[in-house]
Each structure stands twice: as structure tokens, then as C-alpha cells.
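Coordinates in review
Here is what each chain is made of, one letter per residue.
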Amino acid sequence: MALTSTPEQPLPVRTVSRAVGDWIHRLGRVWVEGQVTQLVRRPGMGTVFLTLRDPVADISLRVTCPRAVCEAVGPALVDGARVVVWGKPSFHPGRGTLSLAVVEIRPLGAGALLARLEQLRATLAAEGLFAAGRKRRPPFLPAAVGLITGRASAAERDVVENARRRWPAVRIVLREVAVQGPLAVSQVIDALAELDRIAEVEVIVIARGGGSLEDLLPFSDEALLRAVVAARTPVVSAIGHEQDAPLLDFVADVRASTPTDAAKRIVPDVGEQSAAVAQLRARARRTVEHRLDREERHLADLRRRPALAAPGRDLDRREQDVAALLARSRRCVHHALDVTERDLVSTRARMRALSPAATLDRGYAVVQRESDGAVVRAPGQVGPGERLALRLAGGQLRAEAVAD
């Protein structure tokens with residue numbers, strides 16, 4: 001039921017505090033999972049105080065429980081332990097604080113943790129976050145390498161020293177964070193987001209040395225895994241040793257078995273690259289020399305061909321052919337002229353024999369009427385007194401026809 005108040009009639013603190021307490025007390029008992037921090041066991045006191053911290057968000061809840069409940073858990077109840085508690089939320093009006101009165105504590109053993117990790121693995125795999133198709137290949141030689149690791153840790157030393165040994169000019173942008181405990185997830189996520197915003201950083205390495213299952217739990221946290229998937233920059237996972245397999249290995253773009261292996265994967269080895277360049281240069285030189293040798297042999301073969309070895313020989317042969325053809329053509333022309341000349345003489349002789357002039361030369365005459373020039377072939381074609389023209393070999397005569 002909502003409380004009614006006005007500026008003129010405000011409610012006293014005790015009324016609001018009592019109403020809040022009444023509402024919280026109606027919640028009943030709940031099961032809560034978290035990480036134990038600030039565990040306080042004062043000698044002679046029957047109550048133990050601790051803080052239950054959310055493993056993902058920066059949220060915590062004060063917890064009180066009987067000493068017997070804590071002793072029933074045994075040595076597993078220490079700072080950093082993951083537990084499930086059963087308790088009832090309570091509000092203390094006098095101090096205005098919220099706490100959880102716990103009556104049972106169950107530590108999350110390795111089996112329970114593994115079961116939860118397996119369930120999360122199946123969920124993320126079903127979403128396609130482990131698919132090879134979505135993973136990106138880091139650049140061959142990044143301008144800068146982002147490194148997220150613990151402060152002054154062996155993992156940092158392994159990555160930095162091996163990377164600089166392979167490529168001395170490599171630039172490392174370091175972000176030191178907590179790599180275990182309740183603050184690890186949030187700090188790694190913040191460092192990842194910060195490095196992802198730097199344009200020069202082309203690959204990010206998240207590195208940590210080996211540890212127990214509980215120590216490596218932050219690197220299987222769902223919030224961190226989704227942050228890695230959403231990152232613009234390729235991420236390399238270098239957590240623990242070869243046998244360690246946090247879920248970060250499956251969502252990262254590249255999985256390195258160790259921090260040292262990560263250094264080998266993010267930058268090339270200058271010695272290997274120099275040797276590769278030398279091999280390529282030698283190979284290119286051999287290729288060019290082989291090509292030159294082949295072309296030189298080809299030119300030598302061409303020079304040995306008759307057309308190039310003695311080019312005048314072919315010209316001389318062609319000159320002889322031309323001279324022979326010229327002589328042959330002359331003979332053919334002369335022969336043709338001789339034949340034509342003989343034919344012409346024969347034709348002229350025949351023409352002379354058939355010519356009327358030749359007949360006239362033998363004493364014959366051609367009689368024509370003077371009036372129309374018609375040739376007279378019979379006496380009946382002219383009448384008495386008709387004027388005639390006589391054509392002789394030596395000229396013409398005039399005559400007049402008389403009756404017979």
C-alpha cells in the first residue's frame with residue numbers, strides 16, 4: 001500500500017523505514033548465488049558477517065549467518081569462494097541497512113561449476129558465438145598490440161618479452177587488471193572497451209597464467225564473453241596452460257595455448273621474415289637467371305638458322321632465280337614476237353592475194369556507173385550512151401557505153 005504524504009504533511013523517517021522493512025520482510029527466503037568477500041569471524045561471537053558479491057556486476061549484499069552454519073561449510077568458506085546461500089532479506093530500520101539472514105550455505109564445487117559452464121557453453125554455441133565464420137584474423141604486423149593482464153605478472157612478462165624478441169619494434173599498450181576475484185570481470189571488460197576504442201590497437205591479448213578452476217572462472221563469465229564477441233578489434237585468448245580451457249578460448253578470434261604462444265601468434269619473427277625475404281629474393285634471382293638463359297639459348301638458335309647465319313645466300317639464290325625467270329621471259333617474248341611476225345607476213349600475203357588491187361595489177365579493171373558508182377557486173381546493167389568509170393591499177397578512165 002502506497003504511503004500518502006505532502007510537503008505540508010511529510011512522513012517521519014521511522015514511518016518510511018518501517019514501511020520499507022515491512023515490504024522486504026514479506027519477500028520470504030530465497031536462494032542467492034555470489035562470491036564471498038570480507039568474511040569476518042570474531043572470536044566469541046555467535047554471528048558471522050560477510051559480503052556476498054555479484055560475480056558480474058559491481059553489486060554486493062551484506063550477509064549474516066550463525067557461526068554453526070559457517071562451520072558446517074568447513075574450510076571451503078573463504079574469501080573468493082563461490083557459494084549458494086538460502087536466507088531471508090531483512091531491513092534494519094535503526095541503521096537503514098539491508099542484509100540477508102542466511103540459514104544455509106552451499107559451496108559451489110567443481111562439479112557444479114563445470115555443469116554450469118557446460119550449460120553456458122551450449123547456450124553460446126547455439127547462438128553461433130563459437131562459429132569459425134565470425135572470427136577475424138589478426139593483422140600480419142599490427143601497429144600496436146593491446147595487452148590485458150595482471151599487474152607485474154608472469155603472463156605479462158611472457159607476452160612482452162617474447163613479442164619484442166620476435167619483433168623489437170612492436171608497441172605494447174598495457175592495461176593491468178585483476179585476473180581473479182570479484183573485480184576481475186568488470187575490470188577486464190572495462191580494459192577491453194578502452195583498448196577497443198584506440199584506433200592504433202589492431203589486436204588485443206587477454207593473458208593470465210595457470211590456476212585452479214575457480215581462479216579461471218572470470219574468463220568463463222557470460223558478460224565478458226559477450227563483450228569479447230562485440231569488440232571491433234580481434235581478440236587473442238591466452239589463459240592458463242594448454243590443458244586449461246575457459247570459455248573465452250572459444251569466443252576469442254584466436255586461441256593461444258599459453259601467453260608465450262600468444263606472442264608468437266600476434267607478431268612475426270624478424271629472423272624468420274628476413275630468412276623468408278632472402279629465400280624469395282634467391283628464388284626470384286634464380287627465376288630471372290633461368291629466363292635469361294632460356295632466352296639466350298633461343299637467340300643462339302635463331303642466329304644459327306640459315307636465314308640469319310648467312311642472309312646473303314638466300315638473296316643470291318633469289319637473284320639467280322630472278323635472272324633465270326628474266327631470261328626465260330625474254331625467250332618467251334622473242335619467240336612470241338617471231339611467231340607473230342611470221343603470222344603477220346602470212347596474213348599480209350593472203351590479204352595481198354585476195355586484194356582487188358592485186359587483181360587490177362594483173363590487168364583487170366572494175367567498171368562502175370558514173371552516176372551512182374555502182375559496180376557493173378553484166379552488160380544489161382547499163383544502157384547505150386551511159387557514162388562509165390573504169391578503175392585500173394594505174395588510175396581511172398572515162399568511157400561511154402555503146403550498143404552491141
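Check the entry above for the structure.
Attention in this report is confined to the structure presented alongside it. Small disclaimer: the values here were computed from a predicted structure and weren't measured.

Scoring rules and cut-offs
Residues numbered from 1 in each chain as written. Predicted model: local features only at pLDDT ≥ 70, side-chain atom pairs only at ≥ 80, totals over all residues. Heavy atoms only, no water. Helix = DSSP H or I, 4+ residues; strand = E, 2+ residues; numbered from the N terminus. Rg over C-alpha atoms; globule rule 2.2 N^0.38 Å. Buried < 20%, exposed > 50% of the residue type's maximum accessible area, 1.4 Å probe, protein only. Contact = heavy atoms within 4.5 Å. Areas by Shrake-Rupley, 256 points an atom, 1.4 Å probe, with all protein chains shown as cover. Expected span 1.5 Å × (residues − 1). Core = buried A, V, L, I, M, F, W, Y, C linked by side-chain atoms within 4.5 Å. Axes fitted to C-alpha atoms, helices over the stretch in contact; angles between N-to-C directions. Parallel < 35°, antiparallel > 145°, perpendicular 65-115°, else oblique. Nonpolar A, V, L, I, M, F, W, Y, C, P; charged D, E, K, R; others polar. Pairing = 2+ DSSP bridges. Salt bridge = Lys/Arg side-chain N within 4 Å of Asp/Glu carboxyl O.

1. Describing the overall build of the chain
- What the chain contains, in helices and strands, is 12 helices and 13 strands.
- For a compact globule of 404 residues, the expected C-alpha radius of gyration is about 22 Å, and the chain comes in at 62 Å, more than 25% above that figure.
- Taking the principal axes of its C-alpha atoms as reference, the chain extends roughly 200 × 70 × 40 Å.
- Burial analysis of the chain (404 residues in total) assigns 30% to the buried set.
- The long-range share in the chain, meaning contacts at least 24 apart out of those at least 6 apart in sequence, stands at 59%.
- Total accessible area computed for the chain in this model is approximately 25200 Å², and 56% of it derives from carbon and sulfur atoms.

2. Details of helix α4 (residues 154-166)
- Over its 13 residues, α4 extends 18 Å from the first C-alpha to the last, a length consistent with the 18 Å expected when each residue adds 1.5 Å.
- All buried positions along α4 are accounted for by Ala155, Glu156, Val159, Val160, Asn162, Ala163 and Arg166.
- Where α4 is buried, its residues contact β6 (144-149), β7 (172-176), β8 (201-208), α8 (259-266) and α9 (270-304).

3. Quick word on the nonpolar core
- Of all hydrophobic cores here, the largest spans 30 residues; its most connected members are Ile148, Ile206, Phe219, Val228 and Leu248.
- Elements represented by at least two residues in this core include exactly α3 (110-126), β6, α5 (184-196), β8, α6 (222-230), β9 (235-239) and α7 (248-251).
- With five residues, α5 is the largest single contributor of residues to this core.

4. A closer look at the packing of α5 against α6
- Where α5 contacts α6, the axes come no closer than 9 Å and their chain directions differ by 10°. Judged on the interaxial angle alone, α6 and α5 are roughly parallel. In this structure, α5 contributes Val185, Val188, Ile189 and Leu192 to the contact, and α6 contributes Ala223, Leu224, Ala227 and Val228.
- Taken together, the residues of the contact of α5 with α6 sort by class into eight nonpolar, no polar and no charged.

5. A word on the sheet that holds strand β5 (residues 97-107)
- Strand order in the closed barrel made by the five strands is β1-β2-β3-β5-β4, with mixed pairing throughout. This sheet shows a mean twist of 55° between the axes of neighbouring strands, independent of strand direction.
- Bridge analysis of strand β1 (residues 30-40) against strand β4 (residues 82-92) gives six bridges, and the strand direction is antiparallel. By the bridge assignment, Gly34 is partnered in β4 with Val83.
- On the sheet, helix α1 (residues 13-25) packs against β4 and β5 and is oriented at approximately 145° with respect to β4.

6. Remarks on the pairing of β8
- For β8, the buried fraction is high: seven of the eight residues fall into the buried class.
- Bridge analysis of β6 against β8 gives five bridges, and the strand direction is parallel. When the bridges of β8 are listed, Ala144 appears paired with Val201.
- Here β8 runs beside β9; their pairing, made up of five bridges, is parallel. Bridged to Ala207 within β9 is Ala238.

7. Comments concerning α8
- Listing the buried residues of α8 in full gives Pro259, Asp261, Ala262, Ala263 and Ile266.
- Contacts made by the buried residues of α8 are with β6, α4, β8, β9 and β10 (254-255).

8. Some points on the pattern of salt bridges
- Using the criterion set out here, one finds 17 salt bridges in the structure.
- One salt bridge connects Arg82 with Glu33, and the closest N-O pair in it is separated by 3.0 Å. Residue Arg82 is located in strand β4, and its partner Glu33 is located in strand β1; the two are separated by 49 residues in the primary sequence.
- On the basis of relative accessibility, which here comes to 30%, the residue Glu33 falls in the partly exposed class.

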